[in-house]
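Residues per chain, in single letters:
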Amino acid sequence: MIDIPLTHILILGAILFSLGILAVITKRHAIVVLMGIELIFNAANLNLVAFNRYQPDTMGGQVFTLFVMVIAAAETAVALALVLKVYQYFNTVNLDQVRQPSQD
Amino acid sequence: MNILSAISVTTDTNNLAMIALGLGALPLVAFMLLSLLGKRMPRQGDWLGILTIGLSFILALYLFMQIWGKKVIHVSFLWFKLGSPENMLASFTAGIYLDNLAVLMLVVVTFISLLVQIFSVVYMHGDKRYSYYFGYLGLFTFSMLGIILADNLLLLFIFWELVGFSSYLLISFWYERDTATQAGNKAFLFNRVGDIGFLLGIFTLYALFQTFDLQTLNSFLKEINQVGDNFVFRLPTKLPLSSVVEVPRWLLTLGGIGLFCGCIGKSAQFPLQVWLPDAMAGPTPVSALIHAATMVAAGVYLLARCFSFFTPEVLIFMAIVGTLTTVLGAIAACAQYDIKKILAFSTISQLGYMVMGMGVGAYDASLLHLVTHAFFKASLFLNAGIIIHAMHQAQTLAGVHTDEQDIQNMGGFYKILPLTFYAYLPATAALIGLPLFSGFLSKDAILSGAWAWANFQGSKGNYFFYLVPVVGFASVLLTGFYMARHCFYIFFGQSRLRTEISVFRDSPQKEASGLLLIPVLLLAVLSLAFFFSQNPFHYTNSWVIQGLSRLQLPFATTSITAGSIEKVSLLLYQSSYIGIGTAVGSVLLGCLGIFLAWMSYKSFIQKGLIQEVLPANTFSKLALNHFYLDVIYGRFLISPFLLLSKKVAGFDLSFIDYSLNIFGKFIVILAKLIAWFDRKVIDGFVNFMAWLAGLIGKLGRLTQNGKIQSYYVFSVFGLIFLVLYIIFF
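Calculation notes
Residues numbered from 1 in each chain as written. Chains lettered and ligands numbered in written order. Predicted model: local features only at pLDDT ≥ 70, side-chain atom pairs only at ≥ 80, totals over all residues. Helix = DSSP H or I, 4+ residues; strand = E, 2+ residues; numbered from the N terminus. Buried ≥ 20, exposed ≤ 12 C-beta atoms within 10 Å, placed from the backbone. Contact = placed C-beta atoms within 7 Å. Rg over C-alpha atoms; globule rule 2.2 N^0.38 Å. Axes fitted to C-alpha atoms, helices over the stretch in contact; angles between N-to-C directions. Parallel < 35°, antiparallel > 145°, perpendicular 65-115°, else oblique. Nonpolar A, V, L, I, M, F, W, Y, C, P; charged D, E, K, R; others polar. Left-handed = near helix turned anticlockwise from the far one by under 90°. Expected span 1.5 Å × (residues − 1). Core = buried A, V, L, I, M, F, W, Y, C linked by C-beta atoms within 7 Å. pLDDT = per-residue confidence, 0-100.

Turning our eyes to something else, we now look at the overall build of chain B. If you tally the helices and strands in chain B, you get 25 helices and 5 strands. Looking at chain B residue by residue over its 729 residues, the buried ones come to 48%. Excluding contacts between residues fewer than 6 apart, the proportion of contacts in chain B whose partners are at least 24 apart in sequence is 79%.

Written out as structure tokens, the structure is:
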């Protein structure tokens, strides 16, 4: 196994995190925003796995990552359900247009 | 009522005083009810006025029965105190004093007031302010009764002013007419002039004796001794003063003249008599009430109440003023053609007689004249009212508009209004002073008194005093002339307005309403001497004189006049030659006057109808214009005063107003500066703070824009800053 330095992995995580943030902030579509959130999750997971290097005899990082992915899947299900309700209510999932009618 | 009285108060006394109080208050009640609710009452409440005054009259009669010749009632209570209880400065009492004079006046005033109110029911019928008229009459009667009942000068003065005020209301009752309002103002202001003197007189007496109470003052004057130019009074020991007071003679004289000034104003004496003829602008029944029985009599009543305080000098002054007034009034009456003005000047003249009587010391004779005059003059005024009423009706029916009060337009009323004529005749005869009529008794008593006084004073060698009775006798001649002329012009011959009788009368059978005639006839009957004396030819038998005589009063023997009054009184009663002489003389003079009037009337008839009679010579011009007294007042008092007030107004305008304006402008400039500072600096700071708060709010609101992503951005930046903080600090 090629020994990849920790720094590279962390930089990749940082890039993933930044891309996720970028997607969350700039995208109008709610589902794309959710995708950005998934990226941020993955950046965190990547860090967890990378830092597990300091404790080689345990698999804490990897196990924790699995938990995060499970919870993220559940969270994504809830978020998609919300997006569905939002769509039923507002007839759109464009975040700029999703506001309470009374606020206009 | 807490009663503190000099004499012990029994229940009986207290009851009588209470009756007197109720008697006085009844007309006031009528006034209050009528002025508040009069318009809503049935018949506008005239019955209420008549009912209350009728009750007052009955009470007055009862008091008269109880008190006349029997007792004197004086009930008073503490009115108010000045100073603290430890250091009492003065205390004032108020109360009721009833003696023969007071009860007699009560009966006369309530009786005449009652008749006048009954008369007014028809006379004032249909007037816009009918109920107010009766209310004012009630107020007037109340004030007059107050003067009569008052036991001290302060209380008397209050009611005195009330009489002035209510007479003002009555004289200018028809305030739509300029003459009426001006006459009201004039009467009020001329009375004020006299009242200033009156007030000063009261102050003088108070300063000397520390009391207003008439009885106490009288009792001081009983204990009087003359030492040089001073009077020495021994005061009762109960007062907290030294028991002996020395009073300069001139001070008491001045005080007396002050009191007399009140009478000069109210009783229309020279030189303030000019208000009375003008006051004829009021309704005729009011003239009957004010100028016959009540207001003008108040002055004489005051003289009677204060008679003991007058020094001989004041009495001589009084006699001279009275004589002047008598003759001036009589001369002026001779030249008038207005039916009411003749009676007004005649009233002035008769009041002059009364004051002259007081001055010469014929106190009782003067009061007898006051009473008899009240009846016959009221009768004459009410008769004049009927005649004016008839003239008015005739003029309205005939559509002519001449002066309805001008006797030149009258004539023939003997046939038109026979009952009025029969009522008028005894009153006229009484005024002239023909035997068997009341005026004969009273006028002869005054003239005899004047003659006796002149005898007494002349015995010291000064014959000028004889002028007083001589002028008095001359006035009898004039009285005969003007009254007979009045009578001839009105009643004799043919009517010079319209020849048909019917236009003057109510209906062919009835000459006037019974409510007009009954008062007049009653008063006419009371003009007979029989009612005032058992022997209608001599005044010493008169019950009025006997009841009021000073010789019977407890304080009769004052030595302030050194006994001259008593000597006059004794001469008056004892020497019958004076009485017979004046009786014969005055009757002859009166008849001569009537004869002259007949001549003048005949020449008037022969000349035919002349509406405008210009006075032929200076003297009759003088008489017609009342000796130009009004003009003199206008030119020498009123015009300079107006000029002065104009000057003062100019000074006000050019100096005081100017400097005030400058000051005002300065203040405005200052205020402008302060306003600028306020606006720019203080308001600016406040506004800036508000703007700042608004700005912060706006900035804060920017973050709360409802976009989930921007919240996200903020939280990310927050996180980044947090991390940077942790890293660097």
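Tallying secondary structure elements over chain A gives 3 helices and 0 strands in all. Across chain A, helices and strands are ordered from the amino to the carboxyl terminus as α-α-α. Expected size for 104 residues packed as a compact globule is a radius of gyration near 13 Å; at 18 Å, chain A overshoots this value by more than 25%. Dimensions along the principal axes, computed over C-alpha positions, put chain A at roughly 55 × 25 × 20 Å. Residue burial in chain A is summarised as follows: out of 104 residues, 11% are buried. For chain A, contacts bridging at least 24 residues in sequence account for 48% of all contacts bridging at least 6.

Now for the packing of helix α5 (residues 153–171) of chain B against helix α6 (residues 178–209) of chain B. In a packed pair of helices, the relevant descriptors are the angle between the two axes and the axis-to-axis distance. All names here are of chain B. Their axes nearest at 9 Å, the elements α5 and α6 cross at an angle of 175°. Overall, the two elements α5 and α6 adopt an arrangement that is roughly antiparallel. Every residue of α6 that contacts α5 at L153, F157, E161, G164, S167, Y168 and I171 is listed here: A180, A183, G184, A187, F188, N191, D195, F198, L199, I202 and L205. Residue classes in the contact of α5 with α6 are distributed as 12 nonpolar, 4 polar and 2 charged.

Residues and elements named next belong to chain B. Two elements in contact, helix α14 (residues 363–398) and helix α16 (residues 418–432), have axes whose closest approach is 9 Å; the angle formed by their N-to-C orientations is 145°. Handedness of the α14/α16 crossing: left-handed. Here T372, F376, S379, L380, N383, I386 and I387 of α14 lie close against α16, whose contacting residues are T420, A423, Y424, A427, T428, A430 and L431. Looking at the contact of α14 with α16 residue by residue, the class counts come to 9 nonpolar, 5 polar and no charged.

Let us now look at the interface of chain A and chain B. Accessible area lost on assembly of the parts is the figure often given for the size of an interface. Taken together, the contact between chain A and chain B spans 7 residues of the former and 7 residues of the latter. Classifying every residue of the side of chain A that touches chain B gives 4 nonpolar, 1 polar and 2 charged.

Next up on the list: helix α13 (residues 339–360) of chain B. Residue and element names in this part refer to chain B. Taking 1.5 Å of rise per residue, the 22 residues of α13 would be expected to cover 32 Å, and the 32 Å separating its terminal C-alpha atoms lies within 8% of that figure. Within α13, 22 of the 22 residues are buried, which leaves it mostly tucked inside the rest of the structure. Of the residues one or two after α13, G361 is the one with positive phi, at around 95°.

Turning next to the environment of A:I21. Within the secondary structure layout, A:I21 lies in helix α1 (residues 6–26). Sequence separation between A:I21 and A:L39 is 18 residues, and the spatial gap between their C-alpha atoms is 8.3 Å. Here A:I21 is in contact with A:I40 and B:V716, once residues within four sequence places are set aside.

Let us look at the nonpolar core. All names here are of chain B. One finds I112 and V300 to be the most contacted residues of the largest nonpolar core, which totals 209 residues. It is α14 that contributes the most residues to this core, 19 residues altogether. Not counting residues up to four positions away in its chain, the partners in contact with I112 are L289, A292, A293, A374 and A378.

So, on to the confidence of the model for chain B. Residues and elements named next belong to chain B. Per-residue pLDDT for chain B has a mean of 82; in total, 88% of the residues score no lower than 70. This stretch, residues 1–7, has a pLDDT under 50; its non-local contacts, to residues over four places away or in other chains, come to 16 contacts. Here the predicted complex carries an ipTM of 0.80, next to a pTM of 0.74.

Residue and element names in this part refer to chain B. Examined against the element boundaries, A423 turns out to sit in helix α16. A count of 25 C-beta atoms within 10 Å places A423 in the buried class. Setting aside chain neighbours within four positions, we find A423 in contact with S379, N383, V520, L521 and A524.

Residues and elements named next belong to chain B. Looking along the chain, the bond that leaves F270 and enters P271 is cis, with omega of 5°. As for its position among the elements, P271 is in the loop between α8 (249–266) and α9 (275–278). Although it is not a glycine, A268 adopts a positive phi angle of roughly 55°. Summarising the element assignment, A268 is placed in the loop between α8 and α9.

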